[in-house]
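Single-letter residue listing:
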Amino acid sequence: MPALAPPVTGERNALREFLAYHQSAYLAVSYGLTDEQARSAPSASALSVGGLIKHVTGMQRIWMARVAAAPDAPPKDTRPFEDRSAQHADEFVMHPDETLAGILDAFAAQNAESLRLAESADLDATVPVPRDAPWFPKDVDAWSVRWVFLHVINKLARHAGHADIVRESIDGATMYELIAGQENRQPEPWLTPWQPR
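With an unreviewed UniProt entry as reference, the chain is termed DinB family protein, source organism Mycobacterium gordonae.

Asker: Is there a simple way to think about helix α7 (residues 175-182) in this case?
Answerer: Helical geometry: 3.6 residues make up each α-helical turn, so side chains three or four residues apart lie on a common side. Within α7, 6 of the 8 residues are buried, which leaves it mostly tucked inside the rest of the structure. Those residues of α7 lying buried are M175, E177, L178, I179, A180 and G181. Taken together, the buried residues of α7 touch α1 (11-29) and α6 (145-171). Phi for N184, located one or two positions after α7, is positive at around 55 degrees.

Asker: Before we go on, may I ask you to explain the pattern of salt bridges in this structure?
Answerer: Opposite charge on two side chains permits pairing when their charged atoms draw close. Applying the stated criterion across every chain yields a total of 12 salt bridges. What emerges from the salt-bridge pattern is a single network uniting E11, D124 and R146.

Asker: I keep staring at the nonpolar core and nothing clicks. Help me out?
Answerer: In summary, soluble globular proteins display a tendency toward joint burial of nonpolar side chains. Ranked by size, the top nonpolar core spans 45 residues in total, and within it L19, W63, M64, V67, V145, F149 and V152 carry the most contacts. Going through the elements one at a time, α1, α3 (49-69), α5 (100-120), α6 and α7 are the ones with two or more residues in this core. The leading source of residues in this core is α6, at 9 residues.

Asker: What exactly am I supposed to notice about α3 here?
Answerer: For α3, with 21 residues, the first-to-last C-alpha span of 30 Å sits near the 30 Å given by 1.5 Å per residue. By the criterion of burial, α3 is predominantly enclosed, with 17 of the 21 residues buried.

Asker: I tried to follow the packing of aromatic side chains on my own but got confused; where do I start?
Answerer: Any aromatic ring pair is given by two values, namely how distant the centres are and how the planes are angled relative to each other. Scanning the model with the defined rule gives 9 aromatic pairs in all. Note on W63 and F136: the rings are 6.3 Å apart at their centroids and 85 degrees apart in plane angle, and the pair reads as edge-to-face. Linking W63 in helix α3 with F136 in the loop between β1 (126-128) and β2 (142-144), this pair joins segments that are 73 residues apart in sequence. Here W63 falls in the buried class, since its relative accessible area comes to 6%. Positioned over the ring face of W194 is R167, at 4.9 Å from the centre of the ring.

Asker: Which parts of the structure should I look at to understand the environment of Y176?
Answerer: Note that Y176 resides in helix α7. Each C-alpha atom, one on Y176 and one on L4, is 11 Å from the other, the two residues being 172 residues apart in sequence. If we ignore the near neighbours within four places in the chain, the residues touching Y176 are A3 and L191.

Asker: Got a minute to help me understand the side chain of T57 in this structure?
Answerer: Residue placement: T57 occurs in helix α3. In this structure T57 comes out as buried when scored by relative accessible area, which is 6%. In this structure the side chain of T57 is engaged in a polar contact, spanning 2.8 Å, whose partner is the backbone oxygen of I53. Ignoring sequence-local partners within four residues, the contact set of T57 consists of A106, F107 and Q110.

Asker: Which parts of the structure should I look at to understand the packing of α1 against α6?
Answerer: Describing two packed helices takes the angle between their axes plus the distance from one axis to the other. Between α1 and α6, the shortest axis-to-axis distance is 9 Å and the interhelical angle comes to 20 degrees. Classed by the angle they form, the pair α1 and α6 counts as roughly parallel. By crossing handedness, the relation of α1 to α6 is classed as left-handed. Among the residues forming the contact of α1 with α6, the class breakdown is 15 nonpolar, 3 polar and 5 charged.

About the thresholds
Residues numbered from 1 in each chain as written. Predicted model: local features only at pLDDT ≥ 70, side-chain atom pairs only at ≥ 80, totals over all residues. Heavy atoms only, no water. Buried < 20%, exposed > 50% of the residue type's maximum accessible area, 1.4 Å probe, protein only. Helix = DSSP H or I, 4+ residues; strand = E, 2+ residues; numbered from the N terminus. Contact = heavy atoms within 4.5 Å. Salt bridge = Lys/Arg side-chain N within 4 Å of Asp/Glu carboxyl O. Core = buried A, V, L, I, M, F, W, Y, C linked by side-chain atoms within 4.5 Å. Expected span 1.5 Å × (residues − 1). Phe/Tyr/Trp six-rings, centres within 6.5 Å; stacked < 30°, edge-to-face > 60°. Lys NZ or Arg CZ within 6 Å of the ring centre and 35° of its normal. Polar contact = N/O pair within 3.5 Å; in protein donor to acceptor, adjacent residues only side chain to side chain. Axes fitted to C-alpha atoms, helices over the stretch in contact; angles between N-to-C directions. Parallel < 35°, antiparallel > 145°, perpendicular 65-115°, else oblique. Left-handed = near helix turned anticlockwise from the far one by under 90°. Nonpolar A, V, L, I, M, F, W, Y, C, P; charged D, E, K, R; others polar.

Right, dumping it as C-alpha cells:
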C-alpha cells in the first residue's frame, strides 16, 4: 500500500484505484497483529480492528449486490428487521472462534469482487433506494452505480480512520510505519518501519 493512491486516467480508473487504495488500508492497519490484538477494543469505543474488517467486508458485499443487480433491486432479504439489525451489529465483533487470517481472506475475496464490478459495471445504471430500513432517504428513488462506488469509498475511508485509532491504542503503531513494515522498507531518517516488539 503506497502512502498515496496512484495517478488516475479517468473516472472509472479513479473509482477503481481509490477503492483499491482504501481497501489496502486494512491490510496495513492489521499488519503484525495477533488474533487477540485484532479482537481487542482498547479505545473508548467497542470497535476492534478485526470487527471493523468484518464490517467493511459485509458493507461492500451488500452494496456490490445492489450494483450487480442494477437497475433492478437485489433479491429481497425476507428476514425480520430485528434479525438483519442483529447481523449488522455482529459484523463489528470478532468472536473468539474467528481468526484474523480468516477475516482477511473473506475481505480479500470481497475486495476482488468489488474491484471487478468497479471495472465493469455501468456507472450510470440506477440502484433503487432500499425501503426496508429507516435510515435510507424517503425522497430519493434511486442512486447511480457511480454514487454507490463513491459511498463505498467513503465508508472504507471512514472506518479505516477508526481502525487507525484502535491500532494506535493497541501498540502505538501508526499507518505510515505499518505500511513501511508491511512492504519491508529500509529505515529512513523520517520513518522507522514497524517491527513487532
